[in-house]
Amino acid sequence: MAEKKVTKKAVATKATAEKKETVKKAAAPKKAVLVINAENVGFKAGDVYQALATAEKALTVAEIAKAAKIMNEEALLGLGWLLKEGKVADVDGKIALA
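To start, this report covers the structure provided alongside it.

About the thresholds
- Residues numbered from 1 in each chain as written.
- Predicted model: local features only at pLDDT ≥ 70, side-chain atom pairs only at ≥ 80, totals over all residues.
- Heavy atoms only, no water.
- Helix = DSSP H or I, 4+ residues; strand = E, 2+ residues; numbered from the N terminus.
- Areas by Shrake-Rupley, 256 points an atom, 1.4 Å probe, with all protein chains shown as cover.
- Pairing = 2+ DSSP bridges.
- Core = buried A, V, L, I, M, F, W, Y, C linked by side-chain atoms within 4.5 Å.
- Buried < 20%, exposed > 50% of the residue type's maximum accessible area, 1.4 Å probe, protein only.
- Contact = heavy atoms within 4.5 Å.

Moving on, we come to the overall build of the protein. The secondary structure content of the protein amounts to four helices and two strands. Counting helices and strands in the order they occur from the N terminus, the protein gives α-α-α-α-β-β. For the protein, the accessible area works out to roughly 7,900 Å², and carbon and sulfur atoms hold 58% of it.

Spelled out as structure tokens, the structure:
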């Protein structure tokens, strides 16, 4: 049987591929965890209310989330709370304080 020669190039290519795979695994972004309980949703409602009060105008959900520095899902939870309490209203497809 003939022996297979291993070249430096083949070894280097394999090492580079292993490094890239390691980097890809390490660079994976962490997913934010959304905790849903009465206390957390109440705090998000407060964040949403403060963002709307500060803006003094109607905002979209994305604008509210950005202003309050929370995720869109958290903004929606807070909006649900405030809608149930009658503190916010829909104005031309945007949300404003009632």
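Moving on to the pairing of strand E1 (residues 88–91). The pairing of E1 with strand E2 (residues 94–97) spans four bridges and is antiparallel. In the sheet register, Asp90 faces E2, and the bridge partner there is Ile95. Count of turn residues in the E1/E2 antiparallel hairpin: two residues, of which Asp92 carries a positive phi of about 55 degrees.

Let us look at the nonpolar core. Among the nonpolar cores identified, the biggest contains 14 residues, and Val48, Leu52 and Ile64 are the most heavily contacted of them. Among the elements of the structure, helix H2 (38–55), helix H3 (61–68) and helix H4 (72–85) are those that each provide at least two residues to this core. With four residues, the single largest contributor to this core is H2. In contact with Leu52, not counting residues within four places along its chain, are Lys57, Leu59, Ile64, Val88, Ile95 and Leu97.

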